[in-house]
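Summary of structural features
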Amino acid sequence: TTPIISDQVSIPDGVVGDVVEIPVVVGDVVDEGTHAVIIETHKACLNVKATGHRRMRVVEVLTRIGQEVKEGDRLLMVEKAD
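Nothing here was measured: the structure is a model prediction, and the numbers come from that model. (Residues numbered from 1 in each chain as written. Predicted model: local features only at pLDDT ≥ 70, side-chain atom pairs only at ≥ 80, totals over all residues. Heavy atoms only, no water.)

Our focus in this paragraph is the overall build of the protein. Along its length, the protein carries 0 helices and 8 strands. Of the regular secondary structure in the protein, the N- to C-terminal order runs β-β-β-β-β-β-β-β. Every one of the 82 residues in the protein was classed for burial, and the buried ones make up 30%. Sequence separation of 24 or more characterises 59% of the internal contacts of the protein that already satisfy a separation of 6 or more. Summed over its atoms, the accessible surface of the protein is roughly 5200 Å², and 47% of this surface lies on carbon and sulfur atoms. (Helix = DSSP H or I, 4+ residues; strand = E, 2+ residues; numbered from the N terminus. Buried < 20%, exposed > 50% of the residue type's maximum accessible area, 1.4 Å probe, protein only. Contact = heavy atoms within 4.5 Å. Areas by Shrake-Rupley, 256 points an atom, 1.4 Å probe, with all protein chains shown as cover.)

What follows is the structure, given as structure tokens:
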């Protein structure tokens with residue numbers, strides 16, 4: 001079998017804010033576009049979507065609720081789900 005290298009879900013360009021919700025947990029299998037982390041900025045709430053594969057498994061959560069995050073920070077590690 002071919003090993004699967006994990007992809008990362010990161011903060012979009014220009015965003016700085018606090019993590020207010022993480023609706024996924026390690027082991028969840030989600031579809032691309034699923035809201036994976038919700039960040040509150042000084043202007044609005046931003047839903048960061050899972051990307052990388054049509055279906056993916058969350059293998060690691062790299063942030064926590066209340067943590068300040070900024071552009072380029074890694075939030076989750078995901079791998080392709082069968």
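Once that is clear, we can look at the sheet that holds strand S4 (residues 35-40). Taken in spatial order, the 4 strands of this open sheet run S5-S4-S2-S7, and their pairing is antiparallel. Edge positions in the sheet fall to strand S5 (45-49) and strand S7 (68-70), since each of these pairs with one other strand and no more. Pairwise comparison of adjacent strand axes, ignoring direction, gives a mean angle of 45° for this sheet. Where strand S2 (residues 16-21) meets S4, 3 bridges bridge the pair, whose relative direction is antiparallel. Bridging from a neighbouring strand, Glu-21 pairs with Ile-38 of S4. (Pairing = 2+ DSSP bridges. Axes fitted to C-alpha atoms, helices over the stretch in contact; angles between N-to-C directions.)

Pairing of S4 with S5, which is carried by 5 bridges, proceeds in the antiparallel orientation. Bridge pairing in S5 links His-35 to Lys-49. Where S4 folds back on S5, the antiparallel hairpin that results is connected by 4 residues.

Caution applies to low-pLDDT regions: their predicted coordinates should not be interpreted in detail. Mean pLDDT over the protein: 84, with 88% of residues reaching 70 or higher. Between the elements of the protein, mean pLDDT differs from a low of 68, seen in strand S1 (residues 7-10), to a high of 93, seen in strand S3 (residues 29-31). Low confidence marks residues 1-5, where pLDDT is under 50. Its contacts with residues over four positions away, or in another chain, come to 2 contacts. (pLDDT = per-residue confidence, 0-100.)

A word on the pattern of salt bridges. Per the stated rule, a full pass over the model turns up 3 salt bridges. With a closest N to O distance of 3.5 Å, Asp-73 and Lys-70 form a salt bridge. (Salt bridge = Lys/Arg side-chain N within 4 Å of Asp/Glu carboxyl O.)

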